[in-house]
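These are the residues of each chain, in order.
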Amino acid sequence: MASRMLWASRAASHLRISVFHRGFSTVLKDLHYAESHEWVKVDGKSATVGITDHAQDHLGDVVYVELPDVGAEVKQGEGFGAVESVKASSEVYSPVSGKVVEVNEELKESPALVNSHPFESGWFIKVEMNDAGELKNLMKPEEYSKLCDEENSSH
Amino acid sequence: MRGSLWQLGQSITRRLAQTDKKAVTRRYFASEADLKKTVLYDFHVAHGGKMVPFAGWSMPIQYKDSIMESTINCRENGSLFDVSHMCGLSLKGKDSVPFLEKLVIADVAGLAPGTGTLTVFTNEKGGAIDDSVITKVKDDHLYIVVNAGCRDKDLAHIEEHMKAFKAKGGDVSWHIHDERSLLALQGPLAAPVLQHLTKDDLSKLYFGEFRILDINGSICFLTRTGYTGEDGFEISVPSENAVDLAKAILEKSEGKVRLTGLGARDSLRLEAGLCLYGNDMEQHTTPVEAGLTWAIGKRRRADGGFLGAEVILKQLAEGPPVRRVGFISSGPPPRSHSEIQDEKGNNIGEITSGGFSPCLKKNIAMGYVKSGQHKVGTKHKILVRGKAYEGVITKMPFVPTKYYKPS
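Residues numbered from 1 in each chain as written. Chains lettered and ligands numbered in written order. Predicted model: local features only at pLDDT ≥ 70, side-chain atom pairs only at ≥ 80, totals over all residues. Heavy atoms only, no water.

Engineer: Just checking my understanding: could you explain the overall build of chain A for this structure?
Structural biologist: In terms of helices and strands, chain A carries five helices and nine strands. What you see in chain A, going N to C, is helices and strands ordered as α-β-β-β-α-β-β-β-β-β-α-α-β-α. Residues classed as buried in chain A amount to 59% of the 155 residues present. Here chain A displays about 6500 Å² of accessible surface, and carbon together with sulfur accounts for 47% of that area. (Helix = DSSP H or I, 4+ residues; strand = E, 2+ residues; numbered from the N terminus. Buried < 20%, exposed > 50% of the residue type's maximum accessible area, 1.4 Å probe, protein only. Areas by Shrake-Rupley, 256 points an atom, 1.4 Å probe, with all protein chains shown as cover.)

Printed below as a string of structure tokens:
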């Protein structure tokens, strides 16, 4: 996972894009998190995927989201789409492996939902998971929270 | 300025991908310590500026406002930018004009005292060493502002030619204004706000004009120019007075003029169709290819006499092989190095800058295409992550400019 990272996260945090006065990003319980700043919400075999509040905050105004087609295969740790802000273009990585069963069509017209509701209406894709065992490779909310704090305080 | 913010991000991403976290942290702090700071550094940080490395300087990419908000506010109200990383210099001596004319495409002799223009420093091949705003203060005093990222090479270039020129008896010397800081005040409120801080009548100072005057109690060099397409000024202020001037401008505007960072500055100049050196213009780009033919003085077109004139005059006569054009496109915003193809899928050029326009709410970009493919309204394809999207050649500026000119 460490080999390829969402630049929104590390690089943008190196760009120190949202360090001051924004307060702390929200991290929701019951979700799993990837080091590259995607979240996944599991319901049986179905996994809903999006990017975190921390990631959207670092990216700034999201203006375009590129999503895969329904039916596409995604793999844990591999890119499945991209998110464009006014300032940057960033790849988004899938936190789980499986088949895309639904994509958030609303983001085509309203990409800013990623900024306003990153954990709700700003979701990206729904995946039918091949292997729920992969979830153990992801971070728990507390671990992810710590990662965000570290990134914010490292500059 | 070298490279866009996006490229900066990309290059950092690549670095990160190749190294472990500790090494990155060490390197990051090492380079951080080496960065130069303007006298406004603490002021930026106190106002929530997010500081990033840029051309060897630590500069604010944005403040509390988002880039979208900052860009729009500049056009509706006003923006204050710290551009002290740029390098101001004066050429003095009775032969300053003929000296500078060897290096740039402008008709410097034809400039009235107290006026200036955008110009290009060219190399022997007619390519651009840098773009720059030059002002004739008096016949024996020229004031020049060059890009931060080009400072070292520009100064070396000027110095080399100055030595040769002086060896032949020419009277010219320079002074680099490291004792001064540079603020850019842009937008519709720029003039009314600045008028509060000076007794000189700014309604008599038009776009491209220059004056030395008292602003907020210190002697400033004021140029009615900018990099946003809006009316506005660049103010060269003694560094010890720079923070006070910045505070006074913000206060007098009652909070409407906002501190604005490099992120919005890039969006604004792209909307105004202005080149970013290092992206849209490089060593191999001629002013004709870049669409800056207007900046080649009439007398200079006839007489030449600047570096690379042969190449440039030939291009003027025969047309350049490639031309800079604007695009409005669908899909994701194109970024620099996105490939441009014709309808049949043949490569015809490359995007050099692109992004989402906060004011137009659509993708805008500029790039170079082969001559003949450059007509306004032509539909091409722009490749983003392997997919082709439609891009229509569009006249620039994308957002109408509002320079203050005599009516």
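Engineer: Looking at this structure, how should I read the overall build of chain B?
Structural biologist: Scanning chain B from N- to C-terminus turns up eleven helices and 19 strands. Counting all 407 residues of chain B, 59% fall into the buried class. Within chain B, contacts between residues at least 6 apart in sequence are counted, and of these 66% link residues at least 24 apart. Looking at chain B as shown, the accessible area adds up to about 16600 Å², and 52% of this sits on carbon and sulfur atoms. (Contact = heavy atoms within 4.5 Å.)

Engineer: Please clarify how the pairing of strand 5 (residues 115-122) of chain B should be interpreted in this entry.
Structural biologist: One face of the sheet, then the other: side chains in a regular strand alternate in exactly this way. Residue and element names in this part refer to chain B. Across the eight residues of strand 5, seven count as buried, placing the element largely inside the fold. Pairing between strand 5 and strand 6 (residues 128-138): eight bridges, direction antiparallel. Counted as the bridge partner of Thr 117 is Ile 134 from strand 6. (Pairing = 2+ DSSP bridges.)

Engineer: For this particular structure, what's the right way to read the sheet that holds strand 3 (residues 46-51) of chain A?
Structural biologist: Residues and elements named next belong to chain A. Spatial ordering of the open sheet is given by 1-2-3-9-8-5, a layout of six strands whose pairing is antiparallel. Taken across any chain shown, the strands that pair with only one partner, and hence form the sheet edges, are strand 1 (32-33) and strand 5 (73-74). Pairing analysis gives five bridges linking strand 8 (residues 98-103) to strand 9 (residues 125-129), with the strands arranged antiparallel. Residue pairing across strands places Glu 102 opposite Lys 126, the latter belonging to strand 9.

Engineer: Hey, could you run me through the confidence of the model for chain A in this one?
Structural biologist: Atom-level detail of predicted coordinates should not be read off regions where pLDDT is low. Mean pLDDT over chain A: 85, with 83% of residues reaching 70 or higher. Between residues 1-23 of chain A, whose pLDDT stays under 50, and residues either more than four places distant or in other chains, the model counts 90 contacts. (pLDDT = per-residue confidence, 0-100.)

Engineer: Where do I start with the layout of surface pockets in this structure?
Structural biologist: Over the atoms, a rolled probe matching the size of one water molecule traces out where space is still vacant. Residue and element names in this part refer to chain B. The volume enclosed by the largest pocket comes to roughly 1000 Å³. Leu 118, Gly 273, Leu 274, Leu 292 and Trp 294 are the residues nearest the centre of the largest pocket, which is lined by 47 residues in total. Tallied by class, the residues present in the lining of the largest pocket amount to 24 nonpolar, 15 polar and eight charged. Viewed by domain, the lining of the largest pocket spans two of them, domain 1 (37-320) and domain 2 (321-394), each represented by three or more residues. (1 Å grid on protein atoms, 1.4 Å probe; cavity = no way out; pocket = protein on both sides within 12 Å on 5 of 7 lines; lining within 4 Å. Points joined across faces, edges and corners; volume = space filled by probe spheres on them. Nonpolar A, V, L, I, M, F, W, Y, C, P; charged D, E, K, R; others polar. Domains from an automatic or database assignment.)

Engineer: I would appreciate a short explanation of helix 4 (residues 67-76) of chain B in the present structure.
Structural biologist: Owing to its 3.6 residues per turn, the α-helix brings residues three or four apart onto one side. Of all ten residues in helix 4 of chain B, seven are buried; the element is thus mostly enclosed. Looking only at helix 4 of chain B, the buried set comprises Ile 67, Met 68, Ser 70, Thr 71, Asn 73, Cys 74 and Arg 75 of chain B.

Engineer: Looking at this structure, how should I read the environment of Lys 166 of chain B?
Structural biologist: Residues and elements named next belong to chain B. Considering the arrangement of structural elements, one finds Lys 166 in helix 6 (residues 151-167). A relative accessible area of 41% places Lys 166 in the partly exposed class. As a C-alpha pair, Lys 166 and Phe 99 span 67 residues in sequence and 9.5 Å in three-dimensional space. Apart from residues no more than four positions distant in its own chain, Lys 166 is found in contact with Val 172 and Ser 173.

Engineer: Would you explain the UniProt feature "binding site: substrate" (unreviewed entry) in chain B in this entry?
Structural biologist: Residue and element names in this part refer to chain B. As annotated in UniProt, the feature "binding site: substrate" (unreviewed entry) corresponds to Glu 234 in the numbering used here. For Glu 234, the location among the structural elements is in strand 12 (residues 232-238). On the basis of relative accessibility, which here comes to 10%, the residue Glu 234 falls in the buried class. Filtering out sequence-adjacent residues up to four positions away, Glu 234 remains in contact with Met 86, Leu 182, Leu 183, Ala 184, Phe 221, Leu 222, Thr 223, Thr 225 and Gly 226. (UniProt positions renumbered as here; feature names shortened; annotations may be inferred.)

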